[in-house]
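Reading the structure
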Amino acid sequence: MEIDIENTVRSYGDMVLRLAVVNTKNMAEAEDIFQEVFLQLIRNKECIRDQEHLKSWLIRVTINKSRSYLTSFWNKFTQGFGEAEEVEDEEAIRVLFSKESLSDVTRAILEMPLKYRKAIHLYYYEGFSTKEVADILGKNESTLRCELSRGRKMLEKKLGEAVAL
Amino acid sequence: MIEEYVKDIENIHASEALILKTVQRAKQEEKRQKHSGAKIVRLGGAAIAAAAAAIIIVNFGIMDRSTYIINEIDGIETEGVRSSGLFKLKDDTENEMSEEEFEEYIGLDGEKLFESADFEKSIIVGETGTYLYEGDGIDISVKISKTDEVIPDNVRELKKSEIEGKKVRLAKDGNKYYAAGEGSDIEYFITVRCEDEKQFKKLIKEFLQKLK
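What you see is a predicted model, and the numbers here were worked out from it, not measured in a lab.

Moving on, we come to the overall build of chain B. The helix and strand tally for chain B stands at six helices and eight strands. Per-residue burial for chain B yields a buried fraction of 42% across its 212 residues. Partitioning the contacts of chain B with sequence separation of at least 6, the portion at a separation of at least 24 is 58%. As displayed, chain B has an accessible area near 11300 Å², and 50% of this comes from carbon and sulfur atoms.

Next comes the structure, spelled out in structure tokens:
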């Protein structure tokens, strides 16, 4: 498939950046990941089959690059064990979301462990089916369903109410 | 409830500056790739022979300096890694790839990957391929992907060996041996069941000699 890089960055840029932010909770890192993802696309453009494949490829590479950041020595050294536990800092929220405060549900999702956070994001925000999310994350569909269910329970516990996602 | 999350997330936008910077870098990378591709085409036969000779000399030097660190490992963690277990491939096969297609995919240019083991089967799930080889007292599973992470977390943290000038993580669990690393654009995770360490080292060396 022919890749027009400018159109691709404009079409999928927000999706890549949002996923990187949800994964890393760090705008500077998310922007670095953003650039690396599209550079990697240029290096591997011949393996992209069609638009649908391009989208899932971009998501997979964004997740992998975010994971590399979260497990990097520098990140472990500066943030403890891989990621900030909570998004409480108002300045961080302003930088990440361009707003003063977040809804309780967003805050609760961002405070979840990464594996639940990315599953919830891909399923509820990007609108993929459980089969598609499982393929993207390299998991069994039943494992993924289980993670989504646990994720909902965690949210219920945190928010103190039944979660109607 | 999810609407609130969607609303918050939709406030995140790639800035025009970030888009332009990325497009500029991507175009430079495209140019660089075209340029280096053209350069290779322009190389004459003599230059290629000279380069090949140089590679052989360099490889010979490196070969002597190979360091093998085989880490003892207690099981393989497969969190986030699909069907990585040796010989326990799942039934959700979506595609199969022939030996030739696989070798072309990893850039072997018609060479056989292992001299002492024959290609048996491949299983491709999404962007990850698992390739099984079988020889006399040897079973090998080679898991490769250009986009997915195929190396289990506990292997990623192991000390690296240097073989054929390439960094690779080696591990052992009973009679199962593991090797994990990266090629120019792939990540690989190899599981070998064989008689002894010597045989494992030979197989990995063979693999690394051929890996781009």
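What follows concerns the overall build of chain A. The number of helices and strands found in chain A is nine helices and zero strands. Helices and strands appear in chain A in the N-to-C order α-α-α-α-α-α-α-α-α. If you take every contact in chain A between residues at least 6 apart in sequence, the share linking residues at least 24 apart comes to 60%.

Let's shift gears to the pattern of salt bridges. The tally for this structure, following the rule as stated, stands at 16 salt bridges over all chains. As a salt-bridge pair, Glu6 of chain A and Arg10 of chain A come within 3.4 Å of each other at their nearest N and O atoms. Highlighted residues: Glu6 of chain A and Arg10 of chain A, both in helix 1 (residues 5-24), separated by four residues, approximately one helical turn. According to the relative accessible area criterion, Glu6 of chain A is partly exposed, its value standing at 26%. In this structure Arg10 of chain A comes out as partly exposed when scored by relative accessible area, which is 37%. For Lys172 of chain B, the salt bridge identified is with Glu197 of chain B, shortest N-O distance 4.0 Å.

What follows deals with the packing of aromatic side chains. Tallying each qualifying case throughout the model produces eight aromatic pairs over all chains. Where Phe34 of chain A meets Phe38 of chain A, the ring centres are 5.1 Å apart and the plane angle is 65°; that geometry is what we call edge-to-face. Here Phe34 of chain A and its partner Phe38 of chain A are both found in helix 2 (residues 27-43), four residues apart, which amounts to about one turn of the helix. The exposure class of Phe34 of chain A is buried, given its relative accessible area of 0%. Put simply, the rings of Phe114, Tyr133, Tyr188 and Phe207 of chain B pair up and form one aromatic cluster. Geometry around Tyr68 of chain B places Lys201 of chain B over its ring, the cationic atom sitting 4.9 Å from the centre.

So, on to the environment of Lys146 of chain B. Residues and elements named next belong to chain B. Inspection of the secondary structure assignment puts Lys146 in the loop between strand 4 (138-145) and helix 5 (153-156). The exposure class of Lys146 is buried, given its relative accessible area of 16%. Counting along the chain gives 37 residues from Lys146 to Gly183, while the straight-line C-alpha distance between them is 9.3 Å.

Moving on, we get to helix 1 (residues 2-9) of chain B. For the α-helix, the turn length of 3.6 residues means that residues three or four positions removed from each other point alike. All names here are of chain B. For helix 1, the full list of buried residues reads Ile2, Tyr5, Asp8 and Ile9. The buried residues of helix 1 all sit within an arc of 120° when viewed along its axis, so they share a single face. Structural note: helix 1 exposes Glu3 and Lys7 on the side pointing more than 90 degrees away from its buried face.

This part covers helix 1 of chain A. Residue and element names in this part refer to chain A. Look at helix 1: only 25 Å from first C-alpha to last across 20 residues, short of the 28 Å you get at 1.5 Å a residue. Maximal helix bending in helix 1 amounts to about 55°, located at Tyr12. Burial runs high along helix 1: 15 of the 20 residues are buried. In this structure Asp4 caps helix 1, since a side-chain oxygen of it lies 3.1 Å from the backbone nitrogen of Glu6. Within two residues after helix 1, Lys25 carries a phi angle of roughly 55°, on the positive side.

All names here are of chain A. Between helix 1 and helix 7 (residues 114-125), the least distance of the axes is 9 Å, while the angle of their chain directions is 155°. When the axis of helix 1 is compared with that of helix 7, the two are roughly antiparallel. Considering how the two elements wind past one another, helix 1 and helix 7 form a crossing that is right-handed. Where helix 1 approaches helix 7, its residues Arg18, Leu19, Val22 and Asn23 are matched on the opposing element by Leu114, Arg117, Lys118, His121, Leu122 and Tyr125. Residue composition of the contact of helix 1 with helix 7, grouped by class: five nonpolar, two polar and three charged.

Basis of the calculations
- Residues numbered from 1 in each chain as written.
- Chains lettered and ligands numbered in written order.
- Predicted model: local features only at pLDDT ≥ 70, side-chain atom pairs only at ≥ 80, totals over all residues.
- Heavy atoms only, no water.
- Helix = DSSP H or I, 4+ residues; strand = E, 2+ residues; numbered from the N terminus.
- Buried < 20%, exposed > 50% of the residue type's maximum accessible area, 1.4 Å probe, protein only.
- Contact = heavy atoms within 4.5 Å.
- Areas by Shrake-Rupley, 256 points an atom, 1.4 Å probe, with all protein chains shown as cover.
- Salt bridge = Lys/Arg side-chain N within 4 Å of Asp/Glu carboxyl O.
- Phe/Tyr/Trp six-rings, centres within 6.5 Å; stacked < 30°, edge-to-face > 60°.
- Lys NZ or Arg CZ within 6 Å of the ring centre and 35° of its normal.
- Arc of directions from axis to C-beta.
- Expected span 1.5 Å × (residues − 1).
- Bend = angle between axes of the 7 residues up to and from the residue.
- Polar contact = N/O pair within 3.5 Å; in protein donor to acceptor, adjacent residues only side chain to side chain.
- Axes fitted to C-alpha atoms, helices over the stretch in contact; angles between N-to-C directions.
- Parallel < 35°, antiparallel > 145°, perpendicular 65-115°, else oblique.
- Left-handed = near helix turned anticlockwise from the far one by under 90°.
- Nonpolar A, V, L, I, M, F, W, Y, C, P; charged D, E, K, R; others polar.

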